[in-house]
Amino acid sequence: MGEMTSFQLGVVGALFLSVASSVSIVICNKALMSNLGFPFATTLTSWHLMVTYCTLHVALKFNFFENKPIDMKTVMLFGILNGVSIGFLNLSLGFNSIGFYQMTKLAIIPFTVLLETLFLKKQFSQNIKFALFILLIGVGIASITDLQLNFVGTILSLLAIVTTCVGQILTNTIQKRLNISSTQLLYQSAPFQAAILFVTGPVVDQFLTKQSVFAYKYSPIVVGFIVLSCLIAVSVNFSTFLVIGKTSPVTYQVLGHLKTCLVLGFGYTLLHDPFTSRNIVGILVAIVGMGLYSYFCVNETKRKQVGDLSFMAQVKEKDTTAPLLAGKNGQVKENNSLV
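In the nomenclature of an unreviewed UniProt entry, the protein chain corresponds to Sugar phosphate transporter domain-containing protein from the organism Anisodus acutangulus.

Structure below.
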């Protein structure tokens, strides 16, 4: 029971860290890109990952965690896949309307459920599916304003969905199958993620913004916000791997939509973004969906724990009674004792 309580506290801590750091970085990046005119999102992400790796390297030198060797091919492919997924998401936003981009992000949950069901044989109850449906409807109402389709944008969105889903499923699977921590996996994969984005980022950003990151005039306040964004990103990247490792890719996506609702609320409160009754209704519906998802997940986890304890008790009972009943070859002994 003590181990279970500490695990649950760890999950709650990871979820809180993920929400707090993600909302903080969205507000920081919005100020950097919208107010200060720094539009190079993909290049900025590569800097995030490089700073994350350097921070973890320093932490390793101070023995904050132990490095565990992982097959280089696995780490390299995993890192490149995650880097490519970020590039596709940014390209999807560049080629599509904001409404279609939000639809792309919403599609990640059902596609993840489909992939885990087909390839990992994971079962999702009808209650969980219903809660996810309510959540997606709510986020859709709150965030989707227009849907403008084009062929190239649709292809890029599909590629973004596939690479993001596979990357997040692998984040969970690698940690559990290789028995490594989120910190160990992030430390070894971050250089490859950073490298692919460091090379492709300036090209992608110039294609989308018609500006060069190398020709941009960096003022002290812009540099300050970039440094702040990179520091917050360390927490974002760490909490992402931590949440997916401790829960599941689907739960991480549910958490992501909670962040969307919070960002909409903070945008209205702090940045005075437009906010309509449709946004309010959508956020309330999404919160109901998240509440149902959490409730059903907790109940199913408790039922599984009770079932596991019952099974272990039965096994223990069989182990303790077997020597008293069975003979040398497993045959039942006769009671020949005198009364």
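Student: Whenever I open this one, the overall build of the protein chain confuses me. Can you help?
Tutor: Tallying secondary structure elements over the protein chain gives 10 helices and zero strands in all. Considering the protein chain as a whole, with its 339 residues, one finds that 41% of them fall into the buried category. For the protein chain, the share of sequence-separated contacts (at least 6 apart) that also reach a separation of at least 24 residues comes to 86%. Total accessible area on the protein chain is roughly 19200 Å²; 69% of this is exposed by carbon and sulfur atoms.

Student: Help me understand the pattern of salt bridges, please; the structure alone is not making it clear to me.
Tutor: Where charged atoms from two side chains of opposite charge approach closely, those side chains can pair. With the rule as written, the count across this model stands at one salt bridge. Residues Glu116 and Lys122 are paired through a salt bridge, measuring 3.9 Å at the closest nitrogen-oxygen approach. A relative accessible area of 30% places Lys122 in the partly exposed class.

Student: Please clarify how helix α3 (residues 72-95) should be interpreted in this entry.
Tutor: Residue pairs spaced three or four apart in an α-helix point in one direction, given the helix's 3.6 residues per turn. The end-to-end C-alpha distance of α3, which contains 24 residues, comes to 34 Å, matching closely the 34 Å that a straight helix rising 1.5 Å per residue would cover. Listed as buried for α3 are Val75, Phe78, Gly79, Asn82, Gly83, Ser85, Gly87, Phe88, Leu89, Asn90, Leu91 and Ser92. Structurally, α3 contributes buried residues whose contacts are with α2 (41-61), α4 (98-119), α6 (151-177), α7 (182-209) and α8 (220-246).

Student: Explain the packing of aromatic side chains here, please?
Tutor: For any pair of aromatic rings, geometry is given as the distance between the ring centres together with the angle between the planes. Counted under the stated rule, the structure contains 11 aromatic pairs. Centroid distance Phe38 to Phe40: 5.1 Å. Interplanar angle 85°. Geometry classified as edge-to-face. When its relative accessible area of 0% is taken as the criterion, Phe38 is described as buried. Assessed through its relative accessible area of 0%, Phe40 is described here as buried. By the ring-pair criterion, three or more aromatic residues cluster together here, those being Phe38, Phe40, Trp47, Tyr216 and Tyr218. Cation over ring: Lys210 sits above Phe207, and NZ or CZ is 5.2 Å from the ring centre.

Student: Quick question: what am I supposed to make of the nonpolar core here?
Tutor: The tendency in soluble globular proteins is for nonpolar side chains to be buried side by side. Counting 20 residues, the largest nonpolar core has Leu132, Leu135, Val250, Val254 and Tyr293 as its most contacted members. Within the residue set of this core, elements represented by two or more residues are α4, α5 (126-143), α9 (249-270) and α10 (277-325). Broken down by element, the residue count for this core peaks at seven residues, all from α5. Beyond its immediate stretch of four places on either side in the chain, Val250 contacts Thr112, Val113, Glu116, Phe124, Leu132 and Tyr293. Counting residues in hydrophobic clusters, the runner-up holds 14 residues, among them Phe65, Ile174, Ala190 and Phe241.

Student: Please clarify how the UniProt feature "transmembrane region" (unreviewed entry) in the protein chain should be interpreted in this entry.
Tutor: According to UniProt, the feature "transmembrane region" (unreviewed entry) maps to residues 38-62, 74-93, 127-145, 151-173, 185-204, 216-238, 250-268 and 280-298 in the numbering used here. Its end C-alpha atoms 33 Å apart, residues 151-173 is made of 100% helix and 0% strand. End-to-end, the C-alpha atoms of residues 280-298 are 27 Å apart, and along that stretch the chain is 100% helix and 0% strand.

Student: I tried to follow the packing of α7 against α8 on my own but got confused; where do I start?
Tutor: It is at 10 Å that the axes of α7 and α8 come closest, and there the two elements cross at 125°. One way to sum up the angle between α7 and α8 is to call them oblique. The element α7 and its partner α8 pack so that their crossing is right-handed. Across the interface between the two elements, Ser182, Thr183, Leu185, Leu186, Ser189 and Gln193 of α7 pack against Asn237, Phe238, Phe241 and Leu242 of α8.

Student: How should the packing of α6 against α8 be read in this particular structure?
Tutor: Between two packed helices, what matters for the description is the angle formed by their axes and the separation of those axes. Two numbers describe how α6 lies on α8: the axes approach to 8 Å, and their chain directions differ by 70°. Classified by the angle between their axes, α6 and α8 sit roughly perpendicular to one another. At the point where α6 passes α8, the crossing takes the right-handed sense. Across from Gln168, Thr171, Asn172, Gln175 and Lys176 in α6, the residues of α8 making contact are Phe241, Ile244 and Gly245. The residue inventory of the contact of α6 with α8, partitioned by class, reads two nonpolar, five polar and one charged.

Student: I would appreciate a short explanation of α4 in the present structure.
Tutor: An ideal rise of 1.5 Å per residue puts 32 Å on 22 residues; α4 measures up with 31 Å between its terminal C-alpha atoms. Where α4 bends most, the angle comes to about 25°, and this point is Ile108, followed within four residues by the proline Pro110. Buried within α4 are the following residues: Gly99, Phe100, Tyr101, Gln102, Thr104, Leu106, Ile108, Ile109, Thr112, Val113, Leu115 and Glu116.

Student: For this particular structure, what's the right way to read a nonpolar patch on the surface?
Tutor: On the surface, a cluster of nonpolar side chains totalling about 480 Å² of accessible area is made up of Phe151, Val152, Ile155, Leu158 and Leu159. Residue classification places Leu159 among the partly exposed positions, given a relative accessible area of 37%.

Student: Before we go on, may I ask you to explain the environment of Ile287 in this structure?
Tutor: Inspection of the secondary structure assignment puts Ile287 in helix α10. Through-space distance from the C-alpha of Ile287 to that of Val139 is 9.0 Å; in sequence the pair is 148 residues apart.

Parameters and conventions
- Residues numbered from 1 in each chain as written.
- Predicted model: local features only at pLDDT ≥ 70, side-chain atom pairs only at ≥ 80, totals over all residues.
- Heavy atoms only, no water.
- Helix = DSSP H or I, 4+ residues; strand = E, 2+ residues; numbered from the N terminus.
- Buried < 20%, exposed > 50% of the residue type's maximum accessible area, 1.4 Å probe, protein only.
- Contact = heavy atoms within 4.5 Å.
- Areas by Shrake-Rupley, 256 points an atom, 1.4 Å probe, with all protein chains shown as cover.
- Salt bridge = Lys/Arg side-chain N within 4 Å of Asp/Glu carboxyl O.
- Expected span 1.5 Å × (residues − 1).
- Phe/Tyr/Trp six-rings, centres within 6.5 Å; stacked < 30°, edge-to-face > 60°.
- Lys NZ or Arg CZ within 6 Å of the ring centre and 35° of its normal.
- Core = buried A, V, L, I, M, F, W, Y, C linked by side-chain atoms within 4.5 Å.
- UniProt positions renumbered as here; feature names shortened; annotations may be inferred.
- Axes fitted to C-alpha atoms, helices over the stretch in contact; angles between N-to-C directions.
- Parallel < 35°, antiparallel > 145°, perpendicular 65-115°, else oblique.
- Left-handed = near helix turned anticlockwise from the far one by under 90°.
- Nonpolar A, V, L, I, M, F, W, Y, C, P; charged D, E, K, R; others polar.
- Bend = angle between axes of the 7 residues up to and from the residue.
- Patch = residues over 30% accessible without salt bridge, like charges linked within 9 Å, V, L, I, M, F, W, Y side chains within 5 Å.

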